[in-house]
Amino acid sequence: MTTTTAPPAPAGATTAPGGRRRRAAARAEGRAAWLLALPFCLLFLTFTLWPVLQSLFMSFTDTRSRDLRTPFAVNVVGVENYTRALSDPVFRKAMLNTAYFVLVGVPLTLVVALAAAVALDRGITRLRGIFRLGFYTPVITSIVAVAVVWRFLLETDYGLVNTVLGWVGIDGPNWLGDPTWSMPSLILMATWRNFGTGMIIFLAGLQAVPWSLHEAAAIDGASAWKRFRHITLPLMRPTILFVSVTTGIGYLQFFEEPFVLTSGGPLNSTKSMSMYTYEQFGFGNYGYAASISYIIFVLVAVVTAIQFRLLREEK
Amino acid sequence: MLGSRKGTWWLYGVLTVALVAVVAPFAWMVLGSFKSDAELRSAPPTWWPEAASLDNYAQLFSRLDFGGYFANSIVVAVVVTAGNLLFCSALGYALAMLDFRGKRALFVVVMTTLMIPGVVTFVPLFVLVANAGLVNTLPGLFLPFLVSPFGVFLMRQFILGLPRDLVDAGRVDGAGELRIFARIILPLCGPALATLGILTFLGSWNNFLWPLVVAQTEDTYTLPVALALYSTGQNSTQYGLLLAGATVVVLPVLVVFMVFQRRFIEGIATTGIK
């Protein structure tokens, strides 16, 4: 690079040559910084920022797949796509399904993750690594592979789940084919697949809970549950908040589980907002799909804003 | 002192049952990949294969082109990972150590996009890639993922923690800014690069929706796309074949994960992002 100038002039050097040299050094630093930033910026502009803005524009137009080559020669229809979405019975159903998934799935995932973290943190001393590894495995595996396996496991007649239930005298339902059970099945699968992430973050958060407090409380005769309730939980509040919000944001966009396992059925019982976006994209309704994606974006932004507000109150 | 011995044993019991429940689907998948379709369809299901064979795998790589899909997955994941490591660390360094006009604005814009759902960019991204003639090509699969705001965030945070004197010392020695980045800073970023590298590689390996839309003929399929299409298409009843395919998708990831387990988990604990 061009930065072969002398080291920065000593403080107080106000003579003209020193000042000029310093300005030249600053300019060189700026040039180098932008040179380093350039590849990122080009790719980011092209593949993130531009699509984000174009999507916003599209959401106010009647763009369809036939307009692919001329995405700007389309009619601006104002908020029509948005009003259409809010009165579209299938999209309303998709919103309700997503709410069901988030409101049941997030607490369930959180409780399982926290229980696993507490048990691994102080409950046991041996084999911690094995349990941690095992519990985390579903997080890192491909949803498609997972779906192939779960479709077998949940099979009504010869699936492993119903076979095991049969041993204890329960007649298992048609998990993925019955509109009543399809969503609970997906929620259970999502919990199985995602609690490992929360567990790892909780394990890190638990390091901040001083063990001496537990010991003191135990000497005073506090039970394990009471210690958890009155020491661990209050100290873990920020972490719990963080995990619940990140899990919530992820679940708001849930897509892959119903996409590969149920295609949104039966009877739209597992169709999520993201799935509906993809479906409308598939039908070639690009403008409409874009408007739905922005509705999801707004919901995610609201949840994020609530997180910031709550975390600030925490401090 | 805190837990009775009986309580501890009870806890081990519960954890072991939970572990079996969590891991059983994977064990069943691997074992199932050695079974025949007839055995997979029998009720009650078997656990160990009655007549283990490699037929399913032989079919996967001869009749179907899983070798080719595997290669596509590897190429895309390696290119995406390399791009993220290089470009995100370069910007991360500039944001952490250098002064330049527009720095704050750039940082704010990049960080704002962190929370934008992927579904928002999906449609225009497809329009863009289609108009560039990149549908059904490998560049169409990897170009949109070469950089990530998350990678910048991770690298910037890490580099902020390095001593600033390193940069000044480099300048005194007459090294240019790019040289300081490449020779002094980057070699110290090992842990952050490892975390970012593993997360990016796994993310790309498991990425499904984008390749499903962009890869339209067999020669550009990645593993998850091929598996998804076969599991809903004409091979949907060849259970053994599908389980073998799922095993081929999952095993490399498990191996990578076991090797780098510790670094990986530290990365997640500090960034909170999977």
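Sequence positions are assigned chain by chain, starting from 1 and proceeding in written order. To read the labels, note that chains go from A and ligands from 1, taken in the order they are written. Reporting of local features is limited, given that this is a predicted model, to residues whose pLDDT is at least 70; pairs of side-chain atoms are given and counted only at 80 or more, and all residues count toward the totals for whole chains, interfaces and linings.

Applied cut-off: UniProt positions are given in the numbering used here, feature names are shortened, and annotations may be inferred rather than shown by experiment.
An unreviewed UniProt entry lists chain B under the name Carbohydrate ABC transporter permease, with Phycicoccus sonneratiae given as the organism. What UniProt records for chain B under Sequence similarities (unreviewed entry) is the sentence "Belongs to the binding-protein-dependent transport system permease family." According to the UniProt record, the Subcellular location (unreviewed entry) comment for chain B is "Cell membrane".

In the nomenclature of an unreviewed UniProt entry, chain A corresponds to Sugar ABC transporter permease from the organism Phycicoccus sonneratiae. Regarding chain A, the UniProt comment filed under Subcellular location (unreviewed entry) reads as follows: "Cell membrane".

1. Overview of the overall build of chain A
Definition in use: Each helix is a run of H or I in the DSSP string that is no shorter than four residues. Each strand is a run of E no shorter than two, and both are numbered from the N terminus. This radius of gyration counts C-alpha atoms alone. The globule rule is 2.2 Å times how many residues there are, raised to the power 0.38. Exposed residues have 12 or fewer other C-beta atoms within 10 Å of their own C-beta, buried residues have 20 or more, and residues in between are partly exposed; the C-beta atoms are placed from the backbone. We call two residues in contact if the C-beta atoms placed from their backbones are at most 7 Å apart.
Broken down by element type, chain A carries 12 helices and 0 strands. Computed over C-alpha atoms, the radius of gyration of chain A comes to 27 Å, more than 25% over the 20 Å expected from 2.2 N^0.38 for 315 residues, which places it beyond the range of a compact globule. Counting across all 315 residues of chain A, residues that qualify as buried make up 40%. Sequence-distant contacts in chain A: of pairs separated by 6 or more residues, those separated by 24 or more amount to 66%.

2. Comments concerning the overall build of chain B
Helix and strand content of chain B: 14 helices and 0 strands. Mapped in sequence order, the helices and strands of chain B form the string α-α-α-α-α-α-α-α-α-α-α-α-α-α. With the C-alpha coordinates of chain B rotated into their principal frame, the extents come out at 75 × 70 × 35 Å. When contacts within chain B are restricted to residue pairs at least 6 apart in sequence, those whose partners lie at least 24 apart make up 76%.

3. Quick look at the interface of chain B and chain A
Stated precisely, the cut-off is as follows: Under this grouping Gly is polar, as are all residues other than the nonpolar Ala, Val, Leu, Ile, Met, Phe, Trp, Tyr, Cys and Pro and the charged Asp, Glu, Lys and Arg.
The partner chain A presents 79 residues to the 80 residues of chain B that form the contact. The element best represented in the side of chain B that touches chain A is helix H14 (residues 239–271) of chain B, accounting for 13 residues. Here the residues of the side of chain B that touches chain A are counted per class, giving 62 nonpolar, 12 polar and 6 charged.

4. Here's the deal with helix H8 (residues 149–160) of chain B
Residue and element names in this part refer to chain B. Rules: Expected span of a helix: the number of residues minus one, times 1.5 Å.
The terminal C-alpha atoms of H8 lie 16 Å apart, and with 12 residues this matches the ideal 16 Å at 1.5 Å per residue to within 8%. Counting buried positions over the 12 residues of H8 gives 10, a clear majority of the element. Among the residues making up H8, those that are buried are Pro149, Phe150, Gly151, Val152, Phe153, Leu154, Met155, Arg156, Phe158 and Ile159.

5. Structural notes on the UniProt feature "transmembrane region" (unreviewed entry) in chain B
Annotation from UniProt places "transmembrane region" (unreviewed entry) at residues 9–31, 69–93, 105–129, 141–159, 180–202 and 239–260 of chain B. Taken end to end, residues 9–31 of chain B is 100% helix and 0% strand, and its first and last C-alpha atoms sit 30 Å apart.

6. Let's talk about the UniProt feature "domain: ABC transmembrane type-1" (unreviewed entry) in chain A
The UniProt record marks residues 95–307 of chain A with the feature "domain: ABC transmembrane type-1" (unreviewed entry), using the residue numbering of this structure. Helix and strand shares over residues 95–307 of chain A are 77% and 0% respectively, and the end C-alpha atoms of the span are 21 Å apart.

7. Observations regarding the UniProt feature "transmembrane region" (unreviewed entry) in chain A
All names here are of chain A. In this numbering, the UniProt entry assigns the feature "transmembrane region" (unreviewed entry) to residues 32–53, 99–121, 133–153, 195–214, 235–254 and 286–311. In this annotation, residues 32–53 is assigned 100% helix and 0% strand; the end-to-end C-alpha distance for the span is 29 Å. Annotated as residues 235–254, this span is 90% helix and 0% strand, and its ends, taken at the C-alpha atoms, are 30 Å apart.

8. Quick notes on the nonpolar core
The cut-off we apply is this: Put simply, a nonpolar core is buried Ala, Val, Leu, Ile, Met, Phe, Trp, Tyr and Cys residues tied into one set by C-beta atoms within 7 Å. Delimitation of the domains relies on an automatic or database domain assignment.
Val144(A), Leu91(B), Leu227(B) and Ala246(B) are the most contacted members of the largest nonpolar core, which has 150 residues in total. The greatest single-element share of this core, amounting to 14 residues, is contributed by helix H4 (residues 66–97) of chain B. Each of domain 1 (1–42) and domain 2 (86–314) of chain A contributes no fewer than three residues to this core.

9. What about the packing of helix H3 (residues 89–123) of chain A against helix H7 (residues 179–206) of chain A?
Residues and elements named next belong to chain A. Quick reminder of the rule: The convention used is that axes are lines fitted to C-alpha atoms, helices contributing only their stretch in contact, and that angles between N-to-C directions extend from 0 to 180 degrees. Working rule for angles: under 35 degrees goes down as roughly parallel, over 145 as roughly antiparallel, 65 to 115 as roughly perpendicular, anything else as oblique. The hand of a helix crossing depends on one turn: near helix anticlockwise from the far one by less than a right angle means left-handed, and clockwise means right-handed.
Axis separation between H3 and H7 bottoms out at 6 Å; the angle between their running directions is 40°. Classified by the angle between their axes, H3 and H7 sit oblique to one another. Viewed along their axes, H3 and H7 form a crossing whose handedness is right-handed. Of the residues assigned to the contact of H3 with H7, the class counts are 19 nonpolar, 6 polar and 1 charged.

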